Every structure is written in structure tokens, then in C-alpha cells.
Amino acid sequence: QVQLVGSGGGLVQTGGSLRLSCAASGRTFSSYHMGWFRQAPGKEREFVAAITRPGSITYYADSVKGRFTISRDNTKNTVYLQMNSLKPEDTAVYYCAARPNWSPVTIRDAREYDYWGQGTQVTVSS
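These figures come from a predicted structure and were not determined experimentally.

Definitions and cut-offs
Residues numbered from 1 in each chain as written. Predicted model: local features only at pLDDT ≥ 70, side-chain atom pairs only at ≥ 80, totals over all residues. Heavy atoms only, no water. Phe/Tyr/Trp six-rings, centres within 6.5 Å; stacked < 30°, edge-to-face > 60°. Helix = DSSP H or I, 4+ residues; strand = E, 2+ residues; numbered from the N terminus. Buried < 20%, exposed > 50% of the residue type's maximum accessible area, 1.4 Å probe, protein only.

## Here's the deal with the packing of aromatic side chains
Phase 1 of the analysis: According to the stated counting rule, one finds 7 aromatic pairs in the structure shown.
Phase 2 of the analysis: Ring centres of Phe37 and Phe47 lie 5.7 Å apart, and the angle between their planes is 75°; on these two criteria the pair is classed as edge-to-face. One end of the pair, Phe37, is in strand 4 (residues 33–39); the other, Phe47, is in strand 5 (residues 46–51), with 10 residues separating them in the sequence. Pair check on accessibility: Phe37 and Phe47 agree, each one buried.
Phase 3 of the analysis: Ring centres of Phe37 and Tyr113 lie 5.0 Å apart, and the angle between their planes is 80°; this geometry places the pair in the edge-to-face category. You can see Phe37 sitting in strand 4 and its partner Tyr113 sitting in the loop between strand 9 (92–99) and strand 10 (115–116), a full 76 residues away along the chain.
Phase 4 of the analysis: Owing to a relative accessible area of 1%, Phe37 belongs among the buried residues under this scheme.
Phase 5 of the analysis: The buried category is assigned to Tyr113, whose relative accessible area is 4%.
Phase 6 of the analysis: An aromatic cluster is built from Phe37, Phe47, Tyr95, Tyr113 and Trp116, whose rings are joined through pairwise contacts.

This is the structure in C-alpha cells:
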């Protein structure tokens, strides 16, 4: 198993930036592809971004493309989500997640991720 702990959320004004972190412990972090999802009140959990094990390939939801950047440091067992030009509609609880297998077809499917962090709140004020 792998344990994930997310951090870095907070309150920020429109146009501001935040960097989320997700630290992993347990089995080898570099064995997992990583993703970020978010869930706003009253809405379903949605895909935000994903990154392959070595960090060579990334995927983004259209809503965050060009504003968010996912990265990872396998020496620190940590995945990051740099969020710039934040908008009120980015307000949500953000979750990091890990999956052992990579598929571009299912990369956005939360059911394909085996391990989840506890979530960190991001609030963007207008």
C-alpha cells in the first residue's frame, strides 16, 4: 500500500497562486502514476491532472490547461500541483491519488486510482 497526505491548500484571491503537495509513504512511490482530482460542494469529483511514474507525460483537464502544472520528485516521494491564475470556480477540495497502471483512455476515471489522500481545501475568493 501507499499512504498519501495532501497539503498546501488555503484561501487565495482571484488571479492568485497556490502549490499543493502530496507526500507518499509506504510502497515505492515511483511505482505509481499520480493524479489530482477535485470536488466542489454538490458536484462530482472531477479529474484535474495526472503524471506518469517517471514524470515524462502529463495530462490536464481542459478547464485547468495552461494554468496548472503537475510535477513530481521521486527522490522526495512527492507530487505537486502548481496552480496559477486561480478562479472562483477552482474552489474545491483537492485530492491526490495513485494508480499502478497507465492508460490514456481511463486516466480521468477516479475508479482506476487505488489510493487517495485526505484532501486539502482550496478556496478562491472573487
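Moving on from the coordinates now.
## What to know about unusual backbone geometry
Working note: non-glycine residues mostly have negative phi, and peptide bonds are mostly trans.
Phase 1 of the analysis: A positive phi angle, near 55°, is found at Asn77, a position not held by glycine.
Phase 2 of the analysis: Its location among the elements puts Asn77 in the loop between strand 7 (68–73) and strand 8 (78–83).
Phase 3 of the analysis: Positioned with a positive phi, Ser85 is a non-glycine residue whose angle comes to about 50°.
Phase 4 of the analysis: Summarising the element assignment, Ser85 is placed in the loop between strand 8 and strand 9.
Phase 5 of the analysis: Here Ser85 falls in the partly exposed class, since its relative accessible area comes to 41%.

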